[in-house]
Amino acid sequence: MAKAKTTAYFCQSCGYESSKWMGQCPACREWNTFVEEPVAPSKNAGKLQKRTANEPVKLSSIETNTEDRIHTGIHELDRVLGGGIVAGSLILVGGDPGIGKSTLLLQVCQNLSTQNRKVLYISGEESLRQIKIRAERIGSFTNDLLLLCETNLEVIEGAINRMKPEIVIIDSIQTMYREDVSSAPGSVSQVRESTSTFMQIAKGMNISIFLVGHVTKEGVVAGPRVLEHMVDTVLYFEGDRHAAYRILRGVKNRFGSTNEIGVFEMREKGLAEVANPSEFMLNGKPEGASGSVVACSMEGTRPILIEIQALVCHSNFGIPRRTAAGTDFNRVNLLMAVLEKRVGLQLSACDAYVNLAGGIKMNEPAVDLGIVMAIVSSFKNRPIDDKTIVFGEVGLSGEVRAVNMAEQRVLEAKKLGFETVILPKVSLDSLPDIKGIVLKGVKTVRDAIGLIG
Ligand code: TYD
Ligand code: MG
């Protein structure tokens, strides 16, 4: 009989398994990601089959009720989750170290335990004392919150079986390990096996589980992308380290819309919700300055106004310098090429710096027109009226294309006291009559520039 293999090579990016080392992963095309990890025959090999051997049931006989959602008491989080935590769901919360994942989840525990729900917070990273110190910063807790510092999955499974909590927090998935998987915690096989264990617990016992996941410098949850496929919901916590606000973005959600964002501010006493992000983002906008314009981006179902700043100046070098912060660098280059070719602006000898104020990241095409206007305003040194917002997608021929949800964007601008909106002509034609705000439809970039003189 052939000797059973004891090791295999795993792609650290997507979890692809191979019997030999390879330079490039055939599945995700990443280079140099294969690491040798031991594979031990799983003791649970037959177990999974037994658990899933249920009888088929009729769709109509399955009962659902929306009350199943558990409200966390943090509206911004509930919004990103699609209305609250769905019982029995597995939620991955990813983000850079120090961004506030543990703080947010401890605040969730605080709120849920005051609703008399049984919550178990399992930490593999901090000691009980450290958690207590953090909890004291955040505020008062009821006495019912259960804490456990443990990384061994068998012990954790035992504790969950005994305590039967409604909600479990695992901080973090990379510290958890199963004894029957012989590779180190944090490796692909460990993370994958641990996640699948938690999935079985979540589905089998109808417990909602939050998994904290660390992010690599490329911005994905460390280790396998398989993790994202396994869980029901993936939330990313992002934000500029130097800015106070944090954005929680839903990247995948089986129970709600994706790309929904929640905005928080890190304060002395934990995370506070920002109920009106547009107002927050526009705070400190300079008045009458050239190269500054307000644009509107839809994040999920919510319109958010942001200030786009551009600085265009003559380049002292042969190759002009260009940077883009908060938006796609290539997109900025493309828009400058459109301006050069279709409007005739001599931008090729200019340095250009484009920045979304506040360090927020937005990639919706509707901000194109805002970027274009900011660049032109800086190039011509002509300020754009402070009470004007712009939105629209720009095409390669210099045409301004329609964007969706134009009405919500206009209403948001009106709510915040703006007086004029420059928008695609096509979108304007489909809008109902909105009073109290001037709408200017434009067909091309040239038209839009004509409006600022
Ligand atoms: P943390 O939740 O530990 O981050 P993560 O779990 O994502 O690694 O957040 C830690 C940061 O938040 C740290 O830099 C201190 C700061 N912080 C506050 O500013 N106020 C607070 O009340 C708390 C608890 C943390
Ligand atoms: Mg933490």
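Just so it is clear, the model here is predicted, and its values are computed rather than measured.

Along its length, the protein carries 13 helices and 21 strands. For the protein, the spread of C-alpha atoms along the principal axes amounts to about 75 × 55 × 50 Å. Within the protein, the proportion of its 453 residues that are buried is 40%.

Another aspect to go through is the sheet that holds strand 1 (residues 7–11). Taking strand neighbours across the sheet as the criterion, the three strands line up as 2-1-3 in an open arrangement whose pairing is antiparallel. A single partner strand is all that each edge strand has here, and the edge strands are strand 2 (17–18) and strand 3 (34–38). Of the pairings in the sheet, the one linking strand 1 to strand 3 comprises five bridges and is antiparallel in character. Bridging across to strand 3, Cys 11 finds its partner in Phe 34.

In terms of nonpolar packing, the biggest core is built from 114 residues, with Ile 170, Leu 211 and Ile 375 touching the most fellow members. Top element by residues in this core is helix 10 (residues 368–380). It accounts for eight residues.

This paragraph deals with the packing of helix 9 (residues 329–343) against helix 13 (residues 445–452). Viewed as axis vectors pointing N to C, helix 9 and helix 13 meet at an angle of 90°, and their least axial separation amounts to 10 Å. The angle between helix 9 and helix 13 places the two elements in the roughly perpendicular class. Facing Val 338, Leu 339, Arg 342 and Val 343 of helix 9, the residues of helix 13 in contact are Val 445, Arg 446 and Ile 449. Across the contact of helix 9 with helix 13, the residue classes tally to five nonpolar, no polar and two charged.

On to the packing of helix 5 (residues 153–163) against helix 6 (residues 188–205), then. One can describe the packing of helix 5 onto helix 6 by two numbers: an axis separation of 11 Å at closest approach and a directional angle of 10°. Accordingly, the angle class assigned to the pair helix 5 and helix 6 is roughly parallel. Taking contact as the criterion, the partners of Leu 153, Glu 157 and Ile 160 in helix 5 are, on helix 6, Ser 194, Thr 197 and Ile 201. Residues belonging to the contact of helix 5 with helix 6 are distributed by class as follows: three nonpolar, two polar and one charged.

All right, on to the domain arrangement of the protein then. When cut into domains, the protein gives domain 1 (7–38), domain 2 (69–275) and domain 3 (280–452). For domain 2 versus domain 3, the separation of C-alpha centres amounts to 37 Å. The interface is formed by eleven residues belonging to domain 2 together with eight residues belonging to domain 3. Listing elements by their share of the side of domain 2 that touches domain 3, those giving two or more residues are strand 10 (245–253) and strand 11 (261–267).

Looking now at the site of ligand 1. Taken together, 15 residues lie around ligand 1, and Lys 101, Ser 102, Thr 103, Arg 137 and Gly 270 are the ones closest in. Contributing elements (two or more residues each) for the shell around ligand 1: helix 3 (101–114) and helix 4 (128–138). Residues that form the shell around ligand 1 fall into these classes: four nonpolar, six polar and five charged.

A few words now on the sheet that holds strand 15 (residues 322–325). What the seven strands build is an open sheet, ordered 15-16-14-13-17-20-21; its pairing is mixed. The open sheet has two edge strands, strand 15 and strand 21 (438–442), and neither has a second partner. Looking at each pair of strands side by side, their axes are set apart by 25° on average, direction ignored. In this structure, strand 17 (residues 388–390) lies alongside strand 20 (residues 420–424), joined through three bridges in parallel fashion. In the sheet register, Ile 389 faces strand 20, and the bridge partner there is Val 421.

Sheet topology note: the strand 9 (residues 233–238)/strand 10 ladder contains six bridges and is antiparallel. Bridging from a neighbouring strand, Glu 238 pairs with Ile 247 of strand 10. Here strand 9 folds back onto strand 10, and the loop between the two strands holds six residues, one of which, Gly 239, carries a positive phi near 150°. Here strand 10 pairs with strand 11 via five bridges, running antiparallel. The residue of strand 11 that forms the bridge with Arg 246 is Phe 264.

When the terminal C-alpha atoms of helix 3 are compared, their 20 Å separation across 14 residues agrees well with the 20 Å that a helix rising 1.5 Å per residue should span. For helix 3, the tally of buried residues reaches eleven of 14 residues, placing the bulk of the element in the interior. Restricting attention to buried positions, one finds in helix 3 the residues Lys 101, Ser 102, Thr 103, Leu 104, Leu 105, Leu 106, Gln 107, Val 108, Cys 109, Gln 110 and Leu 112. Directly beyond the C-terminal end of helix 3, a positive phi value near 60° is found at Asn 116.

Further remarks concern helix 13. Structurally, the α-helix is built with 3.6 residues per turn, so residues lying three or four positions apart point the same way. Turning to helix 13, its buried residues are Val 445, Ala 448 and Ile 449. Looking straight down helix 13, one finds that the buried residues subtend no more than 95° of arc, so they occupy a single side. Of the surrounding elements, those touching the buried residues of helix 13 are helix 9, helix 10, strand 18 (393–394), strand 19 (400–401), strand 20 and strand 21.

Cut-offs applied
Residues numbered from 1 in each chain as written. Chains lettered and ligands numbered in written order. Predicted model: local features only at pLDDT ≥ 70, side-chain atom pairs only at ≥ 80, totals over all residues. Helix = DSSP H or I, 4+ residues; strand = E, 2+ residues; numbered from the N terminus. Buried ≥ 20, exposed ≤ 12 C-beta atoms within 10 Å, placed from the backbone. Pairing = 2+ DSSP bridges. Core = buried A, V, L, I, M, F, W, Y, C linked by C-beta atoms within 7 Å. Axes fitted to C-alpha atoms, helices over the stretch in contact; angles between N-to-C directions. Parallel < 35°, antiparallel > 145°, perpendicular 65-115°, else oblique. Contact = placed C-beta atoms within 7 Å. Nonpolar A, V, L, I, M, F, W, Y, C, P; charged D, E, K, R; others polar. Domains from an automatic or database assignment. Near = placed C-beta within 6 Å. Expected span 1.5 Å × (residues − 1). Arc of directions from axis to C-beta.

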